[in-house]
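# Results of the structural survey
For reference, the chains in residue letters:
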Amino acid sequence: MDSKVSLLIKIVLVGVVAALGYWLYSIIQEPIQYEELKSKRYALIQEKLENIREAQKAYKDENGIFAKDFQTLISFIDTGKITIKERKDSSFMRYDKIYQQDMNVDTIIVKVIGFQNVKEKLFGEEFNAADLETVPEVEGEKIQLDATKITVKDAIVNVFEAKADDTQIFKDVLDKYSQFIDKEHAVIVGSLTEPSLSGNWK
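Quick look at the structure, then. Here the structure is a predicted model, which is why all the values come from computation and not from measurement.

Definitions and cut-offs
Residues numbered from 1 in each chain as written. Predicted model: local features only at pLDDT ≥ 70, side-chain atom pairs only at ≥ 80, totals over all residues. Heavy atoms only, no water. Pairing = 2+ DSSP bridges. Helix = DSSP H or I, 4+ residues; strand = E, 2+ residues; numbered from the N terminus. Buried < 20%, exposed > 50% of the residue type's maximum accessible area, 1.4 Å probe, protein only. Contact = heavy atoms within 4.5 Å. Salt bridge = Lys/Arg side-chain N within 4 Å of Asp/Glu carboxyl O. Phe/Tyr/Trp six-rings, centres within 6.5 Å; stacked < 30°, edge-to-face > 60°. Axes fitted to C-alpha atoms, helices over the stretch in contact; angles between N-to-C directions. Lys, Arg positive; Asp, Glu negative; His and termini not counted. Polar contact = N/O pair within 3.5 Å; in protein donor to acceptor, adjacent residues only side chain to side chain.

Moving on, we get to the pairing of strand 3 (residues 144-152). Here strand 3 pairs with strand 4 (residues 155-165) via nine bridges, running antiparallel. Residue pairing for strand 4: lysine 149 is matched across the bridge by asparagine 158. In this antiparallel pair of consecutive strands, strand 3 and strand 4, the connection spans two residues, and lysine 153 shows a positive phi of 50°.

Shown next as structure tokens:
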């Protein structure tokens, strides 16, 4: 066999082996890379959902209901006030008609002692409330937020839910990691069907 042909075959074989090796390496690395990205992005979205929960709890304390949309919640964080209250156990005597005598009654006295900016109290002055609704590291994707009232054992309960679907969290790499992404899964805090403020990652 001609030495030039032999050399050419060797070069082609080396190229094929190198390409095959790189292909195998990529197959092995892809799930590892996805898991690293997943851990990072889940941590970011979970932190943001926890911030939303804290803001919603403060909103409900002041308004009696949860905010139904981000515009309302963000405005509350930027311009709202949290009432600072002092609670003190107390008791007093009250005449009881059944027992026909004065009875000791326990009570709690609530006294308003001041007000504090929501942003300062919950997150600090540098916190960007407008960024609260965006899905981290993915341009144009927004967290879904809703609030309503449900009936639980004949009682009306206010509830809210904030969530981001995995298809939103990984939108920019959806094609690359399509086989690993659960398109039915979402990271959620709260619930619209039960009185819960928990996240579904705990």
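Back to the write-up after that little detour.
By the element assignment, alanine 67 lies in the loop between helix 1 (3-63) and helix 2 (70-79). The class of alanine 67 is buried, set by a relative accessible area of 1%. Distance from alanine 67 to alanine 55, taken between C-alpha atoms, is 9.2 Å for residues 12 residues apart in sequence. Not counting residues within four places of it along the chain, the set of residues in contact with alanine 67 comprises Gln56, Tyr59, Thr72, Leu73, Leu145 and Ala147.

Here the focus is the pattern of salt bridges. This model, assessed by the stated rule, comprises eight salt bridges. In this structure, the salt-bridge partner of glutamate 137 is lysine 40, at a minimum N-O distance of 2.9 Å. Of this pair, glutamate 137 sits in the loop between helix 3 (118-122) and strand 3 while lysine 40 sits in helix 1, placing them 97 residues apart in sequence. We classify glutamate 137 as partly exposed; its relative accessible area is 40%. Residues lysine 119 and aspartate 78 are paired through a salt bridge, measuring 3.1 Å at the closest nitrogen-oxygen approach.

Below, the discussion takes up the packing of aromatic side chains. Scanning all chains against the criterion turns up eight aromatic pairs. Taken together, a centroid distance of 4.2 Å and an interplanar angle of 20° make the contact between phenylalanine 123 and phenylalanine 127 stacked.

Turning our attention to the sheet that holds strand 3. The strand order across the open sheet formed by three strands is 3-4-5, and the pairing between neighbours is antiparallel. On the outer flanks of this sheet lie strand 3 and strand 5 (186-190), each paired with one strand and no other. With strand direction ignored, the average angle separating the axes of adjacent strands in the sheet is 25°.

Time to look at the side chain of aspartate 166. With respect to the secondary-structure elements, aspartate 166 resides in helix 4 (residues 166-169). Despite being buried, aspartate 166 has no salt bridge partner; lysine 38 is the closest side chain of opposite charge, sitting 6.0 Å away. Within the structure, the side chain of aspartate 166 is placed 2.9 Å from the side chain of histidine 185, a separation counted as a polar contact. Setting aside its immediate chain neighbours within four residues, aspartate 166 contacts Tyr42, Ile181, Asp182, His185, Ala186 and Val187.

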